[in-house]
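Each chain, letter by letter, is given below.
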Amino acid sequence: METESEPYVRLATLRQLHQVMADMNTARSLADTLQTVADGVVTGLGYELACVNLVRGDGDLVVAAFSGNPTAEALITGRVGSRTSWDRRLAMGEAWGELRFISHTEGWILDEDDVPQWFTDGPPPRFEDEWHPADRLFAPMFATGAAGGELLGVISVDRPRNGRRPGAWGREALQMYAFQAAIAISNARLRANMQRALVRLEREQQALRASEESFRQAFEYAPSGMAIAEMGGDQHGRILRTNDALCRLLGRPASAMRRYSFSDLVHPEDIGTLLRTSAEGGRAELRLARRDGTYLWVSLRNSVVADAADGPRFLLTHVEDIEERKRRELHLAHRASHDSLTGLPNSAELRARLSARLCIRPQDGRPSAVDSLDAAYGDQSAHTAVDSNGHGFDFGAIVPHTSGLYEGYDGFDHHVHVVAPDGEGVDDGTKGLAVLFCDLDGFKSINDRFGHNAGDAVLIEVARRLTSGVRDGDTVARLGGDEFVVLADGLCRADAEDLAVRLRNAIIPPIRVDGRAVRVGASFGIGWAHCGMTAEEVLQSADQRMYVEKRSRAKQHRRAG
């Protein structure tokens, strides 16, 4: 069977990491950005110590920021290490993607070089993957965000709080963080240059002409896309000028760009985001259309510049490509909500989807015509009403919701209530949300006889067969171990029983694993979700029915292997 190599990645951890990355891009200066990068490693990635070494103009690296230990910070901040020593460090040890890990067994030869470093005490490791006090882990930062570009600096980390070397997720998180830190540092430098250019624009006419040339070069040769647009009037937002970087980013020539405004290029779903963005100092993340019809995620930031003293004002728009960051965020979010072995939604995602369909209103209690009118017009004297679906709400207070999905309801709530067939074993034709709880029979014997790799292969094949046997809108999730759950909406009792038979028959055929054929059976319990229940109650009901069904069948009809 599958074994988790990393702790369960909670969504709260991802939100914290994303908040740290957002803080990097909102720092006011380069110094603030560097300190935010160091602090983010400690607060967001779980290390006790972090150091940011920045490449100077002469190529050497200076300790620009430190976090986690004030004594060590005072000792080494501002000290310089030669580029030769750093190049040697980044060529040693193990390559973890773009990261570089130097074990204590190899790093002792670095104790005497000129790179500023601190020393930590601690007992020797007891386990193979335990962190040693003399272990070193470096995360290079490149100007282009990927290896091969100009080196901006190196993040040094030490003493993971869990006491172990980072696993696959921890390494990927640190590598992604270094990628974003490089972008933040580059942007901080760019913002500093742009701010200096904007200050010069406000000076006397002679100084203004000199600053315009400086601004032109910064605009034309900026590594990120930039545009100047009209501000105010009937032509507000019309693009007047673009740099080569923006033209390349969107695949459009400069002459064509002058025919558009950003509202013409933005994705239809993001037009509201663009309109809500303040013109002066506004910032937004949205999608812009490329010439080939595809859309690209960008970070768009506006500044206001004056053409001359008391003259017309223009919008200076900075457009940064964040497609790779968005892809990484979606990848991490998918890993947090899906089973790593089968690719199916995991237990947390299953409960979230199920909770989204449920509310606190019980299944019984149909609304009357008067209740429906109260829902439409509101009965202030009674303070409560029921909408046309029978959904209760309170004018005077927020109605608590156990699922946490709805904080309150009003007359415009369009929640469609989930109902369940009446009776037990009797099909009255009512269609509802069926919850099929599946437990594999004979799976443990396969694990015991052929090993966990064979068991994993069986789970993957069972997941594929279950997914192939349901409709596009249905959900197949892995609850854990050899347990699966199917959510199928719009089924009557007979339909659900027929679906369980078809899925069981799909699982029974032999599965080829390492040249041998193995069999597993399946026991299904059918539960019904309805408003008034919690997701946990629904799953528990289906689980109990599965065990009743498993015990009711003869053992020889359940066994497999």
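Predicted, not measured: the structure shown is a model, and the values here were computed from it.

This part is about the overall build of the chain. Along its length, the chain carries 19 helices and 20 strands. Expressed as a percentage of its 561 residues, the buried residues of the chain come to 47%. Considering only residue pairs separated by 6 or more positions, the chain has 61% of its internal contacts joining residues 24 or more positions apart. Carbon and sulfur atoms provide 50% of the accessible area of the chain, an area that totals close to 27,900 Å².

What follows concerns the side chain of Glu 483. On the secondary structure map, Glu 483 appears in strand β17 (residues 483–491). Here Glu 483 sits buried without a salt bridge, and the closest side chain of opposite charge, Arg 351, lies 8.2 Å off (N-O distance). Setting aside its immediate chain neighbours within four residues, Glu 483 contacts Phe 437, Cys 438, Asp 439, Arg 478 and Tyr 547.

On to the nonpolar core. In terms of nonpolar packing, the biggest core is built from 39 residues, with Val 41, Leu 45, Leu 137, Met 141, Ile 155, Leu 174 and Tyr 177 touching the most fellow members. For this core, the element with the highest residue contribution is helix α6 (residues 168–201), accounting for 10 residues. Aside from chain neighbours lying at most four places away, what touches Leu 137 is Tyr 47, Trp 96, Leu 99, Arg 100, Phe 101, Trp 131, Ile 155, Ser 156, Val 157, Pro 166 and Leu 174. Residues Phe 443, Ala 454, Phe 484 and Val 520 belong to the second largest nonpolar core, which totals 34 residues.

Most of strand β2 (residues 61–67) sits out of view: six of its seven residues are buried. Relative to β2, strand β1 (residues 47–55) runs antiparallel, the two being bridged by six bridges. In the strand pairing of β2, Asn 53 is matched with Val 63. Linkage of β1 to β2, two consecutive antiparallel strands, is achieved through a turn of five residues, within which Gly 59 is found at a positive phi near 100 degrees.

Below, the discussion takes up helix α17 (residues 493–507). The terminal C-alpha atoms of α17 lie 21 Å apart, and with 15 residues this matches the ideal 21 Å at 1.5 Å per residue to within 8%. Among the residues of α17, those classed as buried are Arg 493, Ala 496, Leu 499, Ala 500, Leu 503, Arg 504 and Ile 507. One side of α17 holds all its buried residues, which, seen down the axis, span an arc of 130 degrees. Check the buried side of α17 and you find it contacts β15 (432–441), α16 (452–468), β17, β20 (521–529) and α18 (535–552).

We now examine the packing of aromatic side chains. Enumeration over the complete set of coordinates arrives at four aromatic pairs. Relative to Phe 138, the ring of Trp 86 lies with its centre 5.5 Å away and its plane at 80 degrees, an arrangement referred to as edge-to-face. Here the residue Trp 86 occupies a position in helix α4 (residues 83–89), and Phe 138 occupies one in strand β6 (residues 136–142), the gap between them amounting to 52 residues. Accessibility expressed as a relative area gives 2% for Trp 86, which makes it buried. Accessibility expressed as a relative area gives 3% for Phe 138, which makes it buried. An aromatic cluster is defined as three or more aromatic residues linked by ring pairs; in this entry it consists of Trp 96, Phe 101 and Trp 131. Taking NZ or CZ as reference, Arg 89 lies 5.8 Å from the ring centre of Trp 86, over its face. Directly above the aromatic system of Tyr 260 lies the positively charged group of Arg 252, at a separation of 5.2 Å from the ring centroid.

Before going further, it helps to examine the sheet that holds β15. Spatial strand order, β16-β17-β15-β20: four strands in an open sheet with antiparallel pairing. Each having just a single partner strand, β16 (475–480) and β20 make up the two edges of the open sheet. Taken pair by pair, the neighbouring strands of this sheet meet at an average axis angle of 25 degrees, ignoring direction. The sheet contacts of helix α13 (residues 347–356) involve β15, β16, β17 and β20, and relative to β16 the element is tilted by about 130 degrees.

As a further point, take the pattern of salt bridges. Counted by the stated rule, this structure contains 32 salt bridges. The salt bridge partner of Arg 83 is Asp 87, with a shortest N-O separation of 3.3 Å. Residue Arg 83 and its partner Asp 87 are located together in helix α4, separated by four residues, close to a single helical turn. Notably, a salt bridge pairs Arg 165 with Asp 135, separated by 3.7 Å at the nearest N-O pair.

With that settled, consider the confidence of the model for the chain. When pLDDT is averaged across the chain, the result is 80; 80% of the residues are at 70 or more. Taken element by element, the predicted model of the chain shows its lowest mean pLDDT in strand β14 (residues 392–394) (37) and its highest in β2 (94). For residues 1–6, every residue scores under 50 in pLDDT, and the model assigns this stretch 17 contacts once sequence neighbours within four places are set aside. Confidence drops under pLDDT 50 across residues 365–413; counting only partners more than four residues distant or on other chains, this segment forms 82 contacts.

Two elements in contact, α16 and α17, have axes whose closest approach is 9 Å; the angle formed by their N-to-C orientations is 145 degrees. By crossing handedness, the relation of α16 to α17 is classed as right-handed. Here Val 462, Arg 465 and Leu 466 of α16 lie close against α17, whose contacting residues are Leu 503, Ala 506 and Ile 507.

For the pair α13 and α18, the least separation of the axes is 9 Å and the interaxial angle reads 110 degrees. In this view, α13 runs roughly perpendicular relative to α18, as classed from their interaxial angle. Here α13 contributes Leu 350, Arg 351, Leu 354 and Ser 355 to the contact with α18, which in turn contributes Ala 535, Glu 536, Val 538 and Leu 539. Here the contact of α13 with α18 is built from residues that sort into five nonpolar, one polar and two charged.

Analysis parameters
Residues numbered from 1 in each chain as written. Predicted model: local features only at pLDDT ≥ 70, side-chain atom pairs only at ≥ 80, totals over all residues. Heavy atoms only, no water. Helix = DSSP H or I, 4+ residues; strand = E, 2+ residues; numbered from the N terminus. Buried < 20%, exposed > 50% of the residue type's maximum accessible area, 1.4 Å probe, protein only. Contact = heavy atoms within 4.5 Å. Areas by Shrake-Rupley, 256 points an atom, 1.4 Å probe, with all protein chains shown as cover. Lys, Arg positive; Asp, Glu negative; His and termini not counted. Salt bridge = Lys/Arg side-chain N within 4 Å of Asp/Glu carboxyl O. Core = buried A, V, L, I, M, F, W, Y, C linked by side-chain atoms within 4.5 Å. Pairing = 2+ DSSP bridges. Expected span 1.5 Å × (residues − 1). Arc of directions from axis to C-beta. Phe/Tyr/Trp six-rings, centres within 6.5 Å; stacked < 30°, edge-to-face > 60°. Lys NZ or Arg CZ within 6 Å of the ring centre and 35° of its normal. Axes fitted to C-alpha atoms, helices over the stretch in contact; angles between N-to-C directions. pLDDT = per-residue confidence, 0-100. Left-handed = near helix turned anticlockwise from the far one by under 90°. Parallel < 35°, antiparallel > 145°, perpendicular 65-115°, else oblique. Nonpolar A, V, L, I, M, F, W, Y, C, P; charged D, E, K, R; others polar.

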